[in-house]
2 protein chains.
Amino acid sequence: MKSEDILRGLRDRDPRGIARAISLVEENDPLADEILSSLDDALVAEAMILGITGPPGAGKSTLTDRVIAKYRLKGKRVGVIAVDPSSPISGGALLGDRVRMMGHALDKDVVVRSMATRGRLGGLCAAAGAAMRILASSGCSVIIIETVGVGQSEMDIIRIADITALVLAPGLGDDIQAMKAGLLEVADILIVNKADCPGAEALAMDMESIAREGGSKEKDRAKVCMTVASEGKGIDELLAAIETVDASHRESGERRTRREKAYDLEVLEWALEMIKPSIIEKINTWNHDRKGAPRLQAAKLLGRECVRISE
Amino acid sequence: MKSEDILRGLRDRDPRGIARAISLVEENDPLADEILSSLDDALVAEAMILGITGPPGAGKSTLTDRVIAKYRLKGKRVGVIAVDPSSPISGGALLGDRVRMMGHALDKDVVVRSMATRGRLGGLCAAAGAAMRILASSGCSVIIIETVGVGQSEMDIIRIADITALVLAPGLGDDIQAMKAGLLEVADILIVNKADCPGAEALAMDMESIAREGGSKEKDRAKVCMTVASEGKGIDELLAAIETVDASHRESGERRTRREKAYDLEVLEWALEMIKPSIIEKINTWNHDRKGAPRLQAAKLLGRECVRISE
């Protein structure tokens, strides 16, 4: 397929064209750059990128499903990028696109794409950023990036979103409680899902108190929403909160700033990826004894006197 | 404190010296390289680095506690590096060292150190590798790296271990099942913890079948162990499995290969880290329009004709 055919496919919202374009990105095909250079920048700029993240067991998938349904009722075309921690060997996404979001399987205006977190060139932000642009160019005005918010790369990917919602639920244990902390600081919306379960009120109070620490002005604070995704409760309020944050970010310039940072992050990821092979080549052909401080070895490798040896 | 004092502290197994040395590494202090260059390479080479990973709720901490206790009974000094997904803002570890491994709090021959996954220079492998060397040089002959095995960087860190054990438990849900897959492929030992819970047998059978796919020869296959860490059951068998894998890796040369790869990975991480600031500087001072394919922008930034634009 030529790039013009794929670009036409995107404009025509042809599922095969969209799938092909994202696959080219994932496969690191040179054609991908040609496609990404010819997308509709206005559509990309206008789409809302919503990051939904949270620990396993918080109910992210169910919640995402409900959010999709609401946006569909509003007539929006919705793109979903589901980020899976995945095999270091196969490099493939673990959850097939078909497994997730089954409720929207027959809806042509819900485009779901799984992305593996491993085995890719250019970093995860770069790949998700590319997928986001492709989905936006195929007419998706809402794009949801769903990630399991526990690892570093999963947290990084949130940086490409315009708005980040963190989903928590009561009773997820200590490990989970620890994980959420990093995300709390970057979330615009804190969702207490399973709000009908014991401990939800206490969790919501915790979240409210964390939100208050986030800013003295009401509008700078993270919003706390309570939902029971399995019953569809609280989803209208959540969408209202998203709208409020979005309006505020547009007004303050925060939206533009985030987009610029996200773009530069992608460029940085790519630049490092381009430089990496030559460093690996150097290491592989280098006769080093693999002892002592690796940083000093790295400096030697690069031919730099990069560290001051202090007294 | 001068580097000689710290090095003497390590030799004397002085907890303050150990803590200071690792902090210098974490703070990216030039003194850290001096210390890392003067460590006891023989002790580092001889120590066993055991990676224990698994999803939240599998019972990693309890199991790690039990494993520590067993090695203590064998007279081994044990170091623990607990890797926490952490705040992008504070960059600090979330779980204080004191919170974890409380059972060994008064034992001077159990040295526990938490490491944040974020906000560090040089990558997580580099930081954990440095901490591992410091712990080994202070006489720890067993070093456990405990991570929440869900994200990419958490999976990467396992690459610095000699032996990797993946802890799973029945009933952890779909998210968890998906996460484990990438880890299954790199694990030497598959632990089914909470073996007294419903579903444990089925999970163990799954693991056995996955292990069989891993190799036609018995000794190449991952070992499957069943434990009830909360009651201390199955820990002797687990240690026997670790010993078997270790012996096999030493005999086959696998241990040496892994160490070399791990060292080179650290050098790579440092080299990229050293190059990164100049790229960020370039991006920040660069008048780009932030449109189109980020990879092409990166190539332009580096002054490269790195991609072929195909027809």
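Residues numbered from 1 in each chain as written. Chains lettered and ligands numbered in written order. Predicted model: local features only at pLDDT ≥ 70, side-chain atom pairs only at ≥ 80, totals over all residues.

*Asks:* Please set out the overall build of chain A residue by residue, giving values where relevant.
*Replies:* A tally of regular secondary structure across chain A gives 12 helices and seven strands. Taken over 311 residues, chain A has a buried fraction of 51%. Taking contacts inside chain A between residues at least 6 apart in sequence as the whole, the part at least 24 apart equals 71%. (Helix = DSSP H or I, 4+ residues; strand = E, 2+ residues; numbered from the N terminus. Buried ≥ 20, exposed ≤ 12 C-beta atoms within 10 Å, placed from the backbone. Contact = placed C-beta atoms within 7 Å.)

*Asks:* Tell me what's going on with the packing of helix α2 (residues 15-26) of chain A against helix α3 (residues 30-37) of chain A, and back it up with residues and numbers.
*Replies:* Residues and elements named next belong to chain A. Where α2 meets α3, the closest approach of the two axes is 7 Å, and the angle between their N-to-C directions is 125°. Comparing the axis directions of α2 and α3 gives the class oblique. Classified by chirality, the crossing of α3 by α2 is left-handed. Seen from α2, the contacting residues are A21, L24 and V25; seen from α3, they are L31, A32 and I35. Of the residues that constitute the contact of α2 with α3, the class distribution is six nonpolar, no polar and no charged. (Axes fitted to C-alpha atoms, helices over the stretch in contact; angles between N-to-C directions. Parallel < 35°, antiparallel > 145°, perpendicular 65-115°, else oblique. Left-handed = near helix turned anticlockwise from the far one by under 90°. Nonpolar A, V, L, I, M, F, W, Y, C, P; charged D, E, K, R; others polar.)

*Asks:* So what's going on with helix α9 (residues 200-213) of chain B? Which residues, and what values?
*Replies:* Each α-helix winds once per 3.6 residues, and so residues spaced three or four apart point in a common direction. Residue and element names in this part refer to chain B. Given a rise of 1.5 Å per residue, 14 residues ought to cover 20 Å, and the 20 Å separating the end C-alpha atoms of α9 matches this to within 8%. For α9, the complete set of buried residues consists of A200, L203 and M207. Around the axis of α9, the buried residues are gathered within 65° of arc, so they sit on the same side. Across α9 from its buried face, at more than 90 degrees, point the exposed residues A202, M205, S209 and E213. In the core, the buried residues of α9 are packed alongside β5 (163-168), β6 (189-192) and β7 (223-226). (Expected span 1.5 Å × (residues − 1). Arc of directions from axis to C-beta.)

*Asks:* How would you summarise the pairing of strand β6 (residues 189-192) of chain A if you had to cite specific residues and measurements?
*Replies:* A regular strand places its side chains so that they alternate between the two faces of the sheet. Residue and element names in this part refer to chain A. Because side chains alternate across β6, one face comprises the buried residues I189 and I191, and the other comprises L190 and V192, equally buried. Here strand β5 (residues 163-168) runs beside β6; their pairing, made up of four bridges, is parallel. When the sheet's bridge partners are listed, L166 is paired in β6 with L190. As judged from the four bridges shared by β6 and strand β7 (residues 223-226), these two strands associate in the parallel manner. (Pairing = 2+ DSSP bridges.)

*Asks:* A description of helix α2 (residues 15-26) of chain B should follow, citing residues and the corresponding values.
*Replies:* Helix length check: α2 of chain B, at 12 residues, gives a terminal C-alpha distance of 16 Å against a target of 16 Å (1.5 Å per residue), a fit within 8%. The complete set of buried residues in α2 of chain B reads G17, I18, R20, A21, I22, L24, V25 and E26 of chain B.

*Asks:* Give a detailed account of the environment of S114 of chain B, specifying residues and quantitative values.
*Replies:* Residues and elements named next belong to chain B. Tracing the chain through its elements places S114 in strand β3 (residues 110-116). The exposure class assigned to S114 is buried, which follows from the 22 C-beta atoms found within 10 Å. Linking S114 and A247, residues 133 residues apart in sequence, is a C-alpha distance of 29 Å.

*Asks:* I'd like a description of the confidence of the model for chain A, backed by residues and values.
*Replies:* All names here are of chain A. Overall, the predicted model of chain A reaches an average pLDDT of 83, with 82% of residues at or above 70. The least confident element of chain A, judged by mean pLDDT, is helix α8 (residues 173-184) at 58; the most confident is helix α10 (residues 235-252) at 97. For residues 86-100, every residue scores under 50 in pLDDT, and the model assigns this stretch 46 contacts once sequence neighbours within four places are set aside. Confidence drops under pLDDT 50 across residues 306-311; counting only partners more than four residues distant or on other chains, this segment forms 13 contacts. Note on the complex model: pTM 0.78, ipTM 0.80. (pLDDT = per-residue confidence, 0-100.)

*Asks:* Kindly report on the environment of A195 of chain B, identifying the contributing residues and their values.
*Replies:* Take A195 of chain B: it is sitting in the loop between β6 and α9. Separated by 97 residues in sequence, A195 of chain B and G292 of chain B place their C-alpha atoms 53 Å apart.

*Asks:* Let's hear about unusual backbone geometry: which residues, and what values?
*Replies:* Phi is positive for R13 of chain A, which is not a glycine, with a value near 60°. Tracing the backbone through its elements, the reader meets R13 of chain A in the loop between α1 (3-11) and α2. Judged by the 16 C-beta atoms lying within 10 Å of it, R13 of chain A falls in the partly exposed class. Residue K194 of chain B is not a glycine yet carries a positive backbone phi of 55°.

*Asks:* Let's hear about the packing of helix α5 (residues 60-73) of chain B against helix α10 (residues 235-252) of chain B: which residues, and what values?
*Replies:* Residues and elements named next belong to chain B. With their axes 10 Å apart at the nearest point, α5 and α10 run at an angle of 75° to one another. Classed by the angle they form, the pair α5 and α10 counts as roughly perpendicular. The segment α5 lies against α10, with R66, V67 and K70 engaging I235, L238 and L239. Of the residues assigned to the contact of α5 with α10, the class counts are four nonpolar, no polar and two charged.

*Asks:* Lay out the environment of V25 of chain A with the relevant residues and their values.
*Replies:* Residues and elements named next belong to chain A. Inspection of the secondary structure puts V25 in helix α2. In this structure V25 comes out as buried when scored by C-beta crowding, with 26 C-beta atoms within 10 Å. Here the alpha-carbon distance between V25 and T53, two residues 28 residues apart in the chain, equals 23 Å.

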